[in-house]
Every structure is written in structure tokens, then in C-alpha cells.
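What follows is the residue order along each chain.
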Amino acid sequence: MRSCLKYLTFVLFLCLYLGYFTSGAIAEDISEGEKTLGKKANEHKAGEIREDFLVPTSPAFAVLGVSPEEVIRPDTPKALGAALLDGVDPKGNMQTGIAIDFSPFYLFAGRELTLANYRNNYLRRLASRLQVSLGTTKESNEDKSIRVAFGLRLAILDKGDPRKSEDLDTLYDTPRDKKLEELKEARKKAASLLAPIVKTKSEIETAEKEGNEAKVKELKEKLAIFNEQRSVAEEKVATLENQAESVLEQIWTKANIEFEKKNWNATNLTLGVAPIFFSKEGDLGDLESSGVAIYGTFAYGFDSIDWLKDTSQIILHARYRTNEEISDPNIVGGLIKQDVFLAGAQFRIAGPDLGEKFGGRDLAFFGEFDYRIANREKRDDDKSHKYGLGIEYK
């Protein structure tokens with residue numbers, strides 16, 4: 001009985017020993033290239049998502065009234081973006097300015113947070129959807145005055161967020177798995193050629209001892225073929241290993257671009273508020289309150305309508321601005337105070353796939369209609385509307 005127990009103990013110990021060290025050996029046998037290509041999509045950092053800075057006009061410019069588009073689009077928050085203004089505003093006045101848009105979360109914490117952690121934490125996702133917009137403008141003449149807008153906007157709903165979507169995982173992991181498997185197969189083939197080489201060398205030694213020169217010659221020719229095959233196989237492995245990092249980056253970038261193209265018209269809902277300030281002398285230390293703008297934008301990508309969901313988007317926008325000051329056309333140097341309500345709609349439709357045919361980015365067309373009511377102090381209300389057509393990058 002004791003001998004049986006000793007035997008069982010020995011077998012158990014042997015199994016544990018072999019299991020432990022075998023698993024360690026397998027882990028150690030993973031090459032650096034395999035480790036690199038083994039990085040799954042949800043292991044990437046939230047801040048590594050490709051960001052397209054050719055975004056619609058900054059909300060700060062829109063609430064300051066210097067954007068040709070009144071509708072503020074609800075794009076996915078980005079770490080940092082900037083826009084410059086140097087031209088004519090919709091009222092015909094020369095304007096210069098700068099706008100900066102950034103997500104505090106992505107700018108300061110996005111590089112440390114993985115997509116897996118982002119997706120599993122609602123509060124992090126909500127914090128990441130808060131975007132800050134800061135803009136300044138002044139007329140390009142002797143007028144020293146400047147206007148400043150400081151805006152906050154929150155994406156309540158964002159179906160086009162690549163950080164949350166598993167579609168990005170599929171676009172990335174499928175070609176990554178293929179490249180990883182290619183490297184594994186190349187390493188396996190190179191390793192498999194070692195045994196016949198060792199065997200042939202042993203046969204050559206045996207043939208030399210026997211004095212069989214014809215056999216030795218035949219085996220050496222065979223060995224040369226094996227060595228050549230192994231050299232080619234090892235060269236392929238080395239190439240795949242050296243290219244692993246750049247290949248992974250290319251796959252990641254391509255997956256981001258494909259996701260962006262697929263979700264260019266995603267359904268979104270954004271709410272925003274932007275206090276506005278004014279300085280007559282152009283001194284930032286002398287800013288005075290000039291009202292506030294509150295707005296909301298809903299973009300619908302026709303998710304449930306098959307013949308529209310890939311090609312179209314409608315955007316509805318409403319904005320209320322208090323204490324806006326405009327020049328009085330009847331009094332030199334006079335100002336008119338007004339509260340303004342604006343409602344706008346924009347319809348976007350995909351253009352031809354120029355990117356696939358000629359390279360570069362695809363185009364989209366849009367039409368916009370805006371209705372504006374200005375409630376003026378001690379004056380009649382002013383009602384107006386405008387419409388426009390445009391072409392943009394998709």
C-alpha cells in the first residue's frame with residue numbers, strides 16, 4: 001500500500017513538475033514578434049484611437065457667430081484640435097481668431113486607459129465625452145475689441161464612438177490574427193527543418209566511417225538543400241519579426257480609417273453651454289459677460305432604414321443665445337441687445353467613392369436650412385432664414 005502511495009505521489013509530482021516547466025517553456029518560446037502581434041484591440045489605449053482633425057467648425061466659432069455653418073455637429077470628442085479664422089464672417093465683416101477644442105479626459109488620461117477598461121466603466125465613458133471649446137475673435141480693422149467664448153459640450157449618445165464599438169475590434173483583430181498565424185507557421189516550418197538536418201549530419205558521419213564516398217556525396221547534397229530551405233525559412237521569420245511592429249501599426253491605422261468611413265453618419269446627441277465674454281479694449285483681463293449660448297444637436301444616421309443608413313444623415317440643431325450685441329445701423333457706434341433663438345437642419349449624403357478609385361478621402365454633400373428669431377430690446381423682433389449647399393470630406 002505504501003509503495004502504491006509513493007508511486008502515486010511520484011507520478012503526481014512528475015505531472016506537476018512537467019506541467020509547470022512545460023508551460024513555462026512554451027511561454028518563453030513566444031517570440032518578440034508574436035508578443036507584438038498578440039496585442040488585441042481592447043488592449044490598446046483609448047488615446048491611441050486615430051483622430052481626424054479635419055472636423056466641422058469649432059462650436060466656439062459657431063456661438064460667436066463667425067462660422068458659415070450654424071449647425072454644430074455632434075462629433076466624437078478628441079484629445080486636441082485647433083482651428084484658425086482669417087476671413088469674412090456671414091455678416092461680411094473681416095474676422096481673425098483661433099479656436100481650441102479638447103477633451104480633458106483624453107488629453108490627460110487617455111494614454112493610460114485601455115479600451116477594455118473604457119468599455120467596462122460608464123463613468124469613464126461619460127467623463128471622456130465632455131469636450132471643452134475655447135475661441136476668440138476680433139474684427140480685422142482698427143477696432144480693438146475681442147470676443148471670447150468658453151464652451152462645454154457633452155455627448156449624451158454617440159454610436160460612432162470607436163472606443164466603445166466592437167466593430168473596431170473585428171476590423172483590427174481579423175488581419176492581426178492572420179499576420180500572427182503567418183509568423184507562427186513560419187517559425188514552425190523553420191524549426192521543423194532542424195531535425196532532418198541533424199539526422200542527415202549523423203548519416204554523413206556514419207557513411208564517412210564506412211568509407212562510402214558515394215553515399216557521403218549524396219547526403220551532403222541533401223544536407224545543402226535542407227540548409228538552404230532552413231536559411232530561407234529563417235530569413236522569412238526574421239523579416240516577419242522585424243516588421244511586426246510596423247505591420248501592427250498599419251493594421252491599427254487601417255482599422256481606424258475603415259471604422260471612421262463606415263460610421264461617418266452615426267447617430268449622436270450632444271448638449272452644450274458656452275458663456276460669452278467681451279472686451280472693448282481687447283484686454284483679456286478686462287473681459288465682461290456678454291451672455292450665454294445653450295444648444296443641443298441630434299444627428300440621426302437612419303439606423304433602421306437599410307437604403308439610407310450607409311449614405312445619409314440628418315442633423316437637427318437648436319440654440320438660444322442671450323445678450324448678443326450687434327451694431328445699430330441707424331446710430332454710429334450704437335449697439336442693439338438681443339436674445340436669439342436659432343433652429344437649423346442639415347442633411348448630408350455620401351458622394352462617390354473617390355478614395356478607392358483615385359486615393360485620398362471620399363466626399364459628401366450637404367444642404368442646410370436655418371431659421372432665426374432675434375428678440376431685440378426696445379425694437380421689433382427680427383426674423384430671418386438662410387439656406388446653403390456645400391461639399392465636404394466624409
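Look above for the structure.
Keep in mind it's a predicted model, so treat the numbers as computed, not measured.

Tallied over the full model, the rule gives 16 salt bridges. Between K309 and D306 there is a salt bridge whose closest N-O contact spans 3.4 Å. Overall, the relative accessible area of 32% leaves K309 in the partly exposed class. Owing to a relative accessible area of 60%, D306 belongs among the exposed residues under this scheme. Salt bridges linked by common partners bring E324, R372, R376 and D382 together as one network.

With that out of the way, let us pick up the nonpolar core. If you look at the biggest cluster of nonpolar residues, it comprises 26 residues, and the most contacted ones within it are L37, L115, L168, Y172 and W252. Broken down by secondary-structure element, the contributors of at least two residues to this core are α4 (104-108), α5 (115-119), α7 (166-192) and α9 (213-262). It is α9 that contributes the most residues to this core, 10 residues altogether. Here W252 is in contact with A41, H44, E48, I49, L115, L168 and Y172, once residues within four sequence places are set aside.

All right, on to the packing of aromatic side chains then. Overall, the coordinates contain four aromatic pairs when judged by the stated rule. Relative to W252, the ring of Y172 has its centre 5.2 Å away and its plane inclined at 90 degrees; by these criteria the two rings are edge-to-face. One end of the pair, Y172, is in helix α7; the other, W252, is in helix α9, and 80 residues separate them in sequence. Each member of the pair Y172 and W252 is classed as buried. Both rings, one in Y300 and one in F302, keep their centres 5.1 Å apart while their planes meet at 55 degrees; by these two values the pair is tilted.

Attention now goes to α9. Taking 1.5 Å of rise per residue, 50 residues should cover 74 Å, and α9 covers 68 Å from first to last C-alpha, within 8% of that figure. Roughly 55 degrees is the biggest bend found in α9, and it falls at A244.

By the secondary structure assignment, Q131 is in strand β3 (residues 130-139). Expressed as a C-alpha distance, the spacing of Q131 and L152, which sit 21 residues apart in the sequence, is 5.8 Å.

In this model, α7 (27 residues) spans 37 Å end to end at C-alpha, consistent with the 39 Å of a helix rising 1.5 Å per residue. Helix geometry: α7 is bent most strongly at D173, by close to 25 degrees, with proline P175 lying one to four residues after it. Those residues of α7 lying buried are L168, D169, Y172, D173, R176, L180, L183, A186 and A190. The inward-facing, buried residues of α7 contact α2 (32-37), α5, α8 (194-210) and α9. With a side-chain oxygen lying 3.1 Å from the backbone nitrogen of D167, the N-terminal cap of α7 falls on S165.

For the rest of this paragraph, the subject is the side chain of D101. Relative to the elements of secondary structure, D101 occurs in strand β2 (residues 94-102). In this structure, D101 is buried with no salt-bridge partner, the nearest side chain bearing the opposite charge being R153 at 4.5 Å. Here the side chain of D101 touches S133 through a polar contact of 2.7 Å, side chain to side chain.

Applying the stated criterion across every chain, the model contains four cavities of 30 Å³ or more. In this structure, the largest cavity is lined by L37, K179, T239, L240, Q243, A244 and V247. When residues of the lining of the largest cavity are assigned to their parent elements, the largest contribution, five residues, is made by α9. For the lining of the largest cavity, the residue count by class is four nonpolar, two polar and one charged.

Conventions we followed
Residues numbered from 1 in each chain as written. Predicted model: local features only at pLDDT ≥ 70, side-chain atom pairs only at ≥ 80, totals over all residues. Heavy atoms only, no water. Salt bridge = Lys/Arg side-chain N within 4 Å of Asp/Glu carboxyl O. Buried < 20%, exposed > 50% of the residue type's maximum accessible area, 1.4 Å probe, protein only. Core = buried A, V, L, I, M, F, W, Y, C linked by side-chain atoms within 4.5 Å. Helix = DSSP H or I, 4+ residues; strand = E, 2+ residues; numbered from the N terminus. Contact = heavy atoms within 4.5 Å. Phe/Tyr/Trp six-rings, centres within 6.5 Å; stacked < 30°, edge-to-face > 60°. Expected span 1.5 Å × (residues − 1). Bend = angle between axes of the 7 residues up to and from the residue. Polar contact = N/O pair within 3.5 Å; in protein donor to acceptor, adjacent residues only side chain to side chain. Lys, Arg positive; Asp, Glu negative; His and termini not counted. 1 Å grid on protein atoms, 1.4 Å probe; cavity = no way out; pocket = protein on both sides within 12 Å on 5 of 7 lines; lining within 4 Å. Points joined across faces, edges and corners; volume = space filled by probe spheres on them. Nonpolar A, V, L, I, M, F, W, Y, C, P; charged D, E, K, R; others polar.

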